[in-house]
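Spelled out from the first residue to the last, the chains are:
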Amino acid sequence: CFRLYTKKLPDRILTFIVAECHARGIELHVWLNPYRAHVNTNRGELASNHMCNVWPTSQYCYTYSSYLWMDPGAEEVIVHLENVITDILTRYDVDGVHFDDYFYPYPDQTDFPDDSTWNDYVNGGGSMSKGDWRRDNVNRMVQRINNLVHATKPGSMFSISPFGIYRPCHPEGMPCHITGFDPYEGQYADSKLWLQSAWVDALIPQIYWHIDSSGQPYDDILEWWVQQNTANRHVHGANAAYKMADSNNWPASELEQQVLVTRQWNDQRCMGNVFYSAKHFRDNIKGITDLFKSGIYNQPAGIPK
């Protein structure tokens, strides 16, 4: 995936990248954040037709933490997202659409400032709790984008990489041994529902922990996700290659072992790994490229159907 900022890159760049990928047998899926409007709050950096400039400051585009964020409760936001994705799929020969792990923002100890759309929902007779309403906003968006992708470009793929844990204590069991952030409550992301409802072609949970983690063991979490795949979608493990180069100081062998763990579930449509990020293979960090090419990746692999 490539992050393309249209203010800096003319659209012929995406045309060029698609062509070069296809010439090498590589699919290209566009990587989008559906609600994150900008990575900082400086509106002066935005294009004149950016949605946060088109809509008034107080309407649907909010400052939250260090970001500008769109309101998932606004129908106009979903329609804008649909228009963007339709434009990409019709103008460029991309092979799919991929969402990162940003839905409602990761919380910063303050509530998301969506009182206006929440009050509209309540005043219109809505009866869900605020948490359920927010989850429903995201669920309806995921379902609509899934339908749009397949209707606009049949044969293309829609995938999502949610936070690696669905909820603490999942896998269920006594005593609870899965701990950490709860995206179901914190981001209002019901990623198990998306998988089991077949609203995605592939779910790629970001299981960015090592196999021997005491609170987030890679193998147990991946196995749980595979077991939830009742709609026969694809489930791929997302792996933290970047942790070789940060303070975690992972050895390359940790990622090799995670691939071998993933392969235990190949017959249940867990058919590959997604590494963040590719630059660690480009730069052969800790010899990972040499290790993989001489061992687990020593044969070409086809793209799963």
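Computed from a predicted model, the values in this text were never measured in an experiment.

Pairing in this open sheet of five strands is parallel, and the strands run β1-β5-β6-β7-β8 from one edge to the other. The open sheet has two edge strands with one neighbour each: β1 (29-32) and β8 (234-235). Direction of pairing for strand β7 (residues 202-203) relative to β8: parallel, over a ladder of two bridges. Residue pairing for β8: Leu-203 is matched across the bridge by Val-235. Its contacts with the sheet place helix α3 (residues 75-91) against β1 and β5 (96-99), and it is angled at close to 140° to β5.

All right, on to the packing of helix α8 (residues 218-227) against helix α9 (residues 252-263) then. For the pair α8 and α9, interaxial distance at closest approach is 10 Å and the crossing angle is 30°. In terms of orientation, α8 lies roughly parallel with respect to α9. Crossing angle aside, the handedness with which α8 passes α9 is right-handed. Where α8 approaches α9, its residues Tyr-218, Asp-219 and Leu-222 are matched on the opposing element by Gln-258, Val-261 and Thr-262. For the contact of α8 with α9, the class distribution of residues is three nonpolar, two polar and one charged.

This brings us to the packing of aromatic side chains. One pass over the structure, following the stated rule, counts 27 aromatic pairs. Between Trp-55 and Tyr-60 the ring centres are 5.6 Å apart and the planes differ by 90°, which places this aromatic pair in the edge-to-face class. Tyr-60 shares its class with Trp-55; the two are buried. Here the aromatic residues Tyr-67, Trp-69, Tyr-102, Tyr-106, Phe-163, Phe-181 and Trp-209 are joined through ring pairs into a cluster of three or more. Of note, Arg-36 hangs over the ring of Tyr-102, and the distance from its end group to the ring centre comes to 4.2 Å.

Time to look at the environment of Gln-216. With respect to the element layout, Gln-216 can be found in the loop between β7 and α8. Once residues lying within four places of it in the same chain are set aside, the contact partners of Gln-216 are Ile-165, Thr-179, Gly-180, Trp-209, His-210 and Ile-221. Among the polar contacts listed, one links the side chain of Gln-216 to the backbone oxygen of Thr-179, at a separation of 2.9 Å.

Let us look at unusual backbone geometry. In this chain, His-170 is followed by Pro-171 through a cis amide linkage whose omega measures 15°. Inspection of the secondary structure assignment puts Pro-171 in the loop between β6 (157-160) and α6 (183-186). For the peptide bond that leads from Tyr-276 to Ser-277, omega is 0°, which places it in the cis range. Structurally, the position occupied by Ser-277 is in the loop between β10 (273-275) and α10 (279-282). With phi around 55°, Ser-65 is a residue other than glycine that occupies positive phi space. Along the polypeptide, Ser-65 turns up in the loop between β3 (61-64) and β4 (67-70).

Attention now goes to the nonpolar core. The biggest cluster of nonpolar side chains holds 70 residues, and the ones touching the most others in it are Met-70, Ile-85, Phe-99 and Met-141. If one sorts the elements of this core by residue count, helix α5 (residues 130-152) sits on top with seven residues. When sequence neighbours within four positions are dropped, the list of residues in contact with Ile-85 reads Leu-32, Val-97, Phe-99, Ile-145, Leu-148 and Val-149. Ranked by size, the runner-up nonpolar core spans 15 residues in total, among them Tyr-208, Trp-250, Phe-281 and Ile-296.

Next up on the list: the sheet that holds β4. Across the sheet, which stays open at both edges, the three strands sit in the order β2-β4-β3 with antiparallel pairing between neighbours. Each having just a single partner strand, β2 (36-38) and β3 make up the two edges of the open sheet. Taken over all neighbouring pairs, the strand axes of this sheet differ in orientation by 40° on average, direction set aside. Where β3 meets β4, four bridges bridge the pair, whose relative direction is antiparallel. Counterpart to Tyr-64 in the pairing with β4 is Tyr-67.

By the secondary structure assignment, Asp-95 is in the loop between α3 and β5. The buried charged residue Asp-95 lacks any salt bridge partner; its closest oppositely charged side chain belongs to Lys-153, at an N-O distance of 5.3 Å. At 2.7 Å, the side chain of Asp-95 forms a polar contact with the side chain of His-22. In this view, Asp-95 contacts His-22, Ile-26, Glu-27, Leu-28, His-29, Ser-156 and Met-157; residues no more than four positions away in its chain are not counted.

Tallied over the entire structure, the rule returns two disulfides. Disulfide pairing places Cys-52 opposite Cys-61 at an S-S distance of 1.9 Å. Residues Cys-52 and Cys-61 are joined through a disulfide that is right-handed, its torsion about the S-S bond being 80°. Neither Cys-52 nor Cys-61 differs from the other in exposure class; each is buried. Between the sulfur of Cys-169 and that of Cys-176 lies a disulfide, 2.0 Å long from S to S. A torsion of -105° about the S-S bond marks the disulfide between Cys-169 and Cys-176 as left-handed. Looking at Cys-176, the relative accessible area reads 33%, which means it is partly exposed.

Conventions used here
- Residues numbered from 1 in each chain as written.
- Predicted model: local features only at pLDDT ≥ 70, side-chain atom pairs only at ≥ 80, totals over all residues.
- Heavy atoms only, no water.
- Pairing = 2+ DSSP bridges.
- Helix = DSSP H or I, 4+ residues; strand = E, 2+ residues; numbered from the N terminus.
- Contact = heavy atoms within 4.5 Å.
- Axes fitted to C-alpha atoms, helices over the stretch in contact; angles between N-to-C directions.
- Parallel < 35°, antiparallel > 145°, perpendicular 65-115°, else oblique.
- Left-handed = near helix turned anticlockwise from the far one by under 90°.
- Nonpolar A, V, L, I, M, F, W, Y, C, P; charged D, E, K, R; others polar.
- Phe/Tyr/Trp six-rings, centres within 6.5 Å; stacked < 30°, edge-to-face > 60°.
- Buried < 20%, exposed > 50% of the residue type's maximum accessible area, 1.4 Å probe, protein only.
- Lys NZ or Arg CZ within 6 Å of the ring centre and 35° of its normal.
- Polar contact = N/O pair within 3.5 Å; in protein donor to acceptor, adjacent residues only side chain to side chain.
- Core = buried A, V, L, I, M, F, W, Y, C linked by side-chain atoms within 4.5 Å.
- Lys, Arg positive; Asp, Glu negative; His and termini not counted.
- Salt bridge = Lys/Arg side-chain N within 4 Å of Asp/Glu carboxyl O.
- Disulfide = S-S within 2.5 Å.

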